[in-house]
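So you can see what is in the structure, the chains are spelled out below.
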Amino acid sequence: MDWGLKNRLSRIIKPHNNRALMLAVDHGYFLGPTEKLENPKKVIAPILKYCDSLMVTRGVQRTSVSPTSDTPMVLRVSGGSSIIGDDLSQEDITVSLEEAIRLNASAVAMSIFVGSKYEYQTIVNLGKLVNEAEKYGMPVLAVTAVGKELGKDARYLSLACRVAAEQGAHIVKTYYCDNFEKVVQSCPVPIIVAGGKKIPERDALQLTYNSIKAGAVGLDMGRNIWQSEHPVAMIQAARSIIHGNSNVEQAYSLYKKLAAQDNQNKSKKQNNPNQNKSKKQNKSKKQNKSKKQNNPNQNKSSNSNQSK
Ligand code: R5P
């Protein structure tokens, strides 16, 4: 494996413990303004520092993530269908490798739809993307099983993940299921588990724990973080399992503690809504005062301008 590819992979899967916490915010590419992700900039800002990498589209990256961020980007490069269209599986590659490099992506991601009407097209696209990506040392993450209503069981997921790995994907993302060890064991590349639909926080932490225990290197979690009442608490709790080896009880206790602090902070703000305002007012008064001190003729000259 080339140095550049290894280096990029190590930004996503941390080499010291072979674990990864990815924050998924790419849902809009087929769901539009997903509930609680209507304003990606606001959602991403407070939780970004707790993830290892961000799964993102180029539109959200450019508009809603600061270019000074040092969080590695896993850039979704496939799309073409929406939730109200005919068939979600009809995807193509929509972002070039050049563009991914321009956006300083640490990996590119695309979906394959094994067992769907567009299976052939998406699997061939994965092979082509790997051909291109290998030229630049860019890792490819293949997403399997999105939108597949039937058979999200170990048999189907093993098949889908193995097909992705055989095409050269460097990481595979899929859903958790019973007997997940089987999926992991028959896939020769690291597996990252998608969080899936919002479920109670404790259950999402249990899913995180089970996935890691079964051999996944990490989680790519979206809705179970930012659709939680307390996203900052939730991402830290998930992180404590992935990187801190917490069990579910420990992680859930951490969640409850941080959620309680969050509630306290929110109620303080509600009781004193002018807190921030008055801080801002004081700040601008101070700034004006120091401007005047630095330029005592400031007002004079503006008065004289007015009189002209
Ligand atoms: C699928 O690729 C989606 O775009 C998400 O990245 C993925 O489903 C992970 O997000 P969530 O945890 O909300 O399922």
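Computed from a prediction, not measured in an experiment: that's the story for all the values here.

Calculation notes
Residues numbered from 1 in each chain as written. Predicted model: local features only at pLDDT ≥ 70, side-chain atom pairs only at ≥ 80, totals over all residues. Helix = DSSP H or I, 4+ residues; strand = E, 2+ residues; numbered from the N terminus. Buried ≥ 20, exposed ≤ 12 C-beta atoms within 10 Å, placed from the backbone. Contact = placed C-beta atoms within 7 Å. Pairing = 2+ DSSP bridges. Axes fitted to C-alpha atoms, helices over the stretch in contact; angles between N-to-C directions. Near = placed C-beta within 6 Å. Nonpolar A, V, L, I, M, F, W, Y, C, P; charged D, E, K, R; others polar. Expected span 1.5 Å × (residues − 1). Arc of directions from axis to C-beta. Right-handed = clockwise from strand over helix to strand, strands pointing away. pLDDT = per-residue confidence, 0-100. Parallel < 35°, antiparallel > 145°, perpendicular 65-115°, else oblique. Left-handed = near helix turned anticlockwise from the far one by under 90°.

## Remarks on the overall build of the protein
What the protein contains, in helices and strands, is 14 helices and 10 strands. Counting only residues that meet the buried cut, the protein has 40% of its 308 residues in that class. Across the protein, every contact between residues at least 6 apart in sequence was considered, and the portion connecting residues at least 24 apart equals 65%.

## Some thoughts on the sheet that holds strand β8 (residues 171-174)
Each strand in a sheet pairs with its neighbour through backbone hydrogen bonds, running either in the same direction (parallel) or in the opposite one (antiparallel). Judged by pairing direction, the barrel is parallel, and its 8 strands sit side by side in the order β1-β2-β3-β6-β7-β8-β9-β10 before closing back on the first. Averaged over neighbouring strand pairs, the angle between their axes works out to 25° when direction is ignored. The sheet contact formed by β8 and strand β9 (residues 191-194) spans 3 bridges and is parallel. In the sheet register, Lys 173 faces β9, and the bridge partner there is Ile 192. Each of β6 (107-112) and β7 (140-144) touches helix α6 (residues 119-136); the most contacted strand, β6, lies at about 165° to it.

## Some points on the site of the ligand
Lining the immediate surroundings of the ligand are 14 residues, of which Ala 24, Ala 194, Gly 195, Gly 222 and Arg 223 lie closest. Elements that contribute at least two residues to the shell around the ligand include exactly β10 (218-221) and α10 (223-226). Taken together, the residues of the shell around the ligand break down into 6 nonpolar, 5 polar and 3 charged.

## Comments concerning α6
For α6, which comprises 18 residues, the first-to-last C-alpha distance of 26 Å matches the rise-based estimate of 26 Å (1.5 Å per residue) to within 8%. Of the positions making up α6, those classed as buried are Thr 122, Asn 125, Leu 126, Leu 129, Val 130 and Ala 133. Within α6, the buried residues cover an arc of 145° as seen down the axis, which keeps them to one side. Facing away from the buried surface of α6 by more than 90 degrees, the exposed residues are Tyr 120, Val 124, Lys 128 and Lys 135. In this fold, the buried residues of α6 make contact with β5 (92-93), α5 (97-102), β6, β7 and α7 (154-166). Phi turns positive, to about 70°, at Gly 137, one or two residues after α6.

## Brief notes about the pairing of strand β3 (residues 73-76)
Burial along β3 is two-sided: the residues Met 73 and Leu 75 and Val 74 and Arg 76 are all buried. Pairing of strand β2 (residues 53-56) with β3 involves 3 bridges; the strand directions are parallel. Residue pairing across strands places Val 56 opposite Leu 75, the latter belonging to β3. The β-α-β motif built from β2, the intervening helix α4 (residues 58-64) and the parallel element β3 has right-handed crossover chirality. Relative to β6, β3 is paired through 3 bridges, and the arrangement is parallel. Paired with Leu 75 across the two strands is Val 108, which belongs to β6.

## Looking at unusual backbone geometry
For Asn 18, which is not glycine, the phi torsion reads 60° and is therefore positive. Relative to the assigned elements, Asn 18 resides in the loop between α1 (3-12) and β1 (20-24). Overall, Asn 18 belongs to the exposed group, with 10 C-beta atoms counted inside 10 Å. At Asn 179, a position not held by glycine, the phi torsion is positive, near 55°. With respect to the element layout, Asn 179 can be found in the loop between β8 and α8 (180-185).

## Section: the confidence of the model for the protein
Summary statistics for the protein give a mean pLDDT of 91 and a share of 87% for residues scoring 70 or more. This model gives residues 298-308 a pLDDT under 50, and the stretch forms 2 contacts once residues within four places in sequence are excluded.

## Let's talk about the packing of helix α9 (residues 201-213) against helix α11 (residues 231-242)
In the contact formed by α9 and α11, the axes pass within 9 Å of each other and the chain directions differ by 25°. Accordingly, the angle class assigned to the pair α9 and α11 is roughly parallel. In terms of crossing hand, the pair formed by α9 and α11 is right-handed. Each of Glu 201, Leu 205, Thr 208, Tyr 209 and Ile 212 in α9 lies in contact with α11, whose residues at this interface are Met 234, Ala 237, Ala 238, Ile 241 and Ile 242. Tallied by class, residues from the contact of α9 with α11 come to 8 nonpolar, 1 polar and 1 charged.

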